[in-house]
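Each chain is listed here by its residues.
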Amino acid sequence: MWRQFLLYFRTHSYRADNSQEKDTLQSENEEDIKTVQQLFKPMGSERMEMRKRQMSTTQETPGAAQAQHSTGNRGSNACCFCWCCCCSCSCLTVRNQEEERTRRTSHELQAEGIPNCEESPAPTLEEVNAWAQSFDKLMFTPAGRNAFREFLRTEFSEENMLFWMACEELKQESNKSVIEEKARLIYEDYISILSPKEVSLDSRVREVINRNMLEPSQHTFDDAQLQIYTLMHRDSYPRFMNSAIYKDLLRSLSEKSIEA
C-alpha cells in the first residue's frame with residue numbers, strides 16, 4: 001500500500017516538474033521573441049524613414065531637376081562621403097569652376113602670345129605667281145609670309161613661322177638688355193620642351209643653343225632658324241603650292257586681272 005502511494009506521488013511530482021519547466025521555457029521563449037521584435041522594430045522604422053527621404057528627394061520640382069541635370073553635365077556634385085547620393089557637395093562645384101577658369105585663362109594667354117599677321121598691301125598677280133618660283137620669294141614679301149602662315153595654321157605648324165619671324169626680329173636689335181630678354185622669350189616659347197609651341201630641332205642644334213644662351217646675342221638661334229627654314233621649304237612649301245588657299249588666291253587675282 002505504502003509502496004504504491006510513494007510510486008504514485010513520485011510519478012505525479014515528476015510530471016508537475018516537467019510541466020513547470022515547459023511553462024518556464026515557453027515563457028522565456030516568448031520574452032526573447034518580444035525582445036528581438038522590440039530591437040528590430042526601430043531598425044525597420046529607420047529604414048522606412050530613409051526610404052521616405054529618398055522618395056521625397058527624387059520628387060522634386062521640374063526647375064530643380066533641370067538645374068541638377070545641367071549641373072551634372074559639368075560634373076557630378078554628389079558627395080562621396082554620404083550614405084545616399086542626394087546631397088550636393090559645394091567643394092566639387094568650386095573645383096570645376098576653378099578648372100574651367102584655369103583652362104580659359106591659359107587659352108587666352110596662348111592667344112595673346114601669338115602675334116597678328118604682318119601688315120602688308122594686297123598681293124598682286126605677279127607676286128603670287130612668283131611665290132611658285134621659289135620659297136625664298138614667298139618668304140621675302142609680307143603678303144607671302146601671311147598667306148603661308150595661314151596655311152601652316154591649318155596644319156597646326158604655325159609655330160615654325162612664328163619662330164622664324166622672332167629670330168628675324170632678334171637680329172634687328174642692338175640693345176644688349178633687349179637682346180637678352182628677347183632671347184629668353186624665344187627660348188621659353190619655341191625651344192623649351194615644356195612649351196606647347198616647341199619647334200622640332202635635333203639634339204646638335206639644341207646643344208648649340210644651350211651654349212649660346214650663356215651669353216645671348218643676335219645670332220643665338222641662327223642654326224635653329226636655318227633648320228626650321230629648311231623644314232618649311234622641304235615639307236610645308238610643296239603642300240602650300242597645291243593647297244586651296246594658294247589656288248583660290250591665284251584664281252581670284254587672275255579673274256580680277258581679266259575683268260580689268
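Residues numbered from 1 in each chain as written. Predicted model: local features only at pLDDT ≥ 70, side-chain atom pairs only at ≥ 80, totals over all residues. Heavy atoms only, no water.

Below, the discussion takes up helix α7 (residues 158–171). For α7, built from 14 residues, the straight-helix expectation of 20 Å at 1.5 Å per residue is met to within 8% by its first-to-last C-alpha distance of 21 Å. Every buried residue of α7 is accounted for by E158, E159, N160, M161, L162, F163, W164, M165, A166, C167 and L170. Here the buried face of α7 lies against α5 (135–140), α6 (142–154), α8 (176–191) and α10 (222–241). (Helix = DSSP H or I, 4+ residues; strand = E, 2+ residues; numbered from the N terminus. Expected span 1.5 Å × (residues − 1). Buried < 20%, exposed > 50% of the residue type's maximum accessible area, 1.4 Å probe, protein only. Contact = heavy atoms within 4.5 Å.)

Take the packing of helix α9 (residues 203–212) against α10 next. When two helices pack together, their arrangement is captured by the angle between the axes and the distance separating the axes. The contact between α9 and α10 brings their axes to 8 Å, and the two run at 150 degrees. With respect to each other, α9 and α10 are oriented roughly antiparallel. Contact with α9, carried on its side by R204, V205, V208 and I209, involves D223, A224 and Q227 of α10 and no other residues of that element. (Axes fitted to C-alpha atoms, helices over the stretch in contact; angles between N-to-C directions. Parallel < 35°, antiparallel > 145°, perpendicular 65-115°, else oblique.)

Turning to α8, a few remarks are in order. For α8, every residue scored as buried is listed here: I179, K182, A183, I186, Y190 and I191. Buried residues in α8, looked at end-on, bunch into an arc of 110 degrees, giving them a common side. Tucked inside the fold, the buried residues of α8 contact α7 and α9. (Arc of directions from axis to C-beta.)

A separate point is the packing of α7 against α8. Across the interface, α7 lies against α8 with an axial gap of 11 Å and an inter-helix angle of 170 degrees. Judged by the inter-axis angle, α7 sits roughly antiparallel to α8. Seen from α7, the contacting residues are E159, L162, F163, A166, C167, E169 and L170; seen from α8, they are I179, K182, A183, I186, Y190 and I191. Of the residues in the contact of α7 with α8, the class split is ten nonpolar, no polar and three charged. (Nonpolar A, V, L, I, M, F, W, Y, C, P; charged D, E, K, R; others polar.)

Looking at the secondary structure, you find D223 in helix α10. By relative accessible area, which is 36% here, D223 ends up partly exposed. For the pair D223 and I209, spaced 14 residues apart in the sequence, the C-alpha separation amounts to 8.2 Å.

Inspection of the entire model under this criterion finds ten aromatic pairs. Between F135 and F148, the aromatic rings sit 5.5 Å apart at their centres with planes inclined by 75 degrees, giving edge-to-face as the arrangement. With F135 in helix α5 and F148 in helix α6, this residue pair connects regions lying 13 residues apart in the sequence. For the pair shown, F135 and F148 are each scored as buried. Seen from their ring centres, F240 and Y246 are 5.6 Å apart, and the 55 degrees between their planes marks the pair as tilted. Overall, the relative accessible area of 5% leaves Y246 in the buried class. (Phe/Tyr/Trp six-rings, centres within 6.5 Å; stacked < 30°, edge-to-face > 60°.)

Next up on the list: the pattern of salt bridges. One pass over the structure, following the stated rule, counts twelve salt bridges. Between R149 and E158 there is a salt bridge, with its nearest N and O atoms 2.6 Å apart. Between D235 and R239 there is a salt bridge whose closest N-O contact spans 3.1 Å. Taken as a pair, D235 and R239 lie in helix α10 at a separation of four residues, close to a single helical turn. (Salt bridge = Lys/Arg side-chain N within 4 Å of Asp/Glu carboxyl O.)

Residues of the chain with pLDDT of at least 70 account for 55%, and the chain-wide mean is 74. Segment residues 39–48 is flagged for pLDDT under 50; beyond a separation of four residues in sequence, or across chains, it makes zero contacts in the model. Across residues 60–94 the pLDDT falls below 50, and counting only partners more than four positions away or on other chains, this stretch makes 22 contacts in the model. (pLDDT = per-residue confidence, 0-100.)

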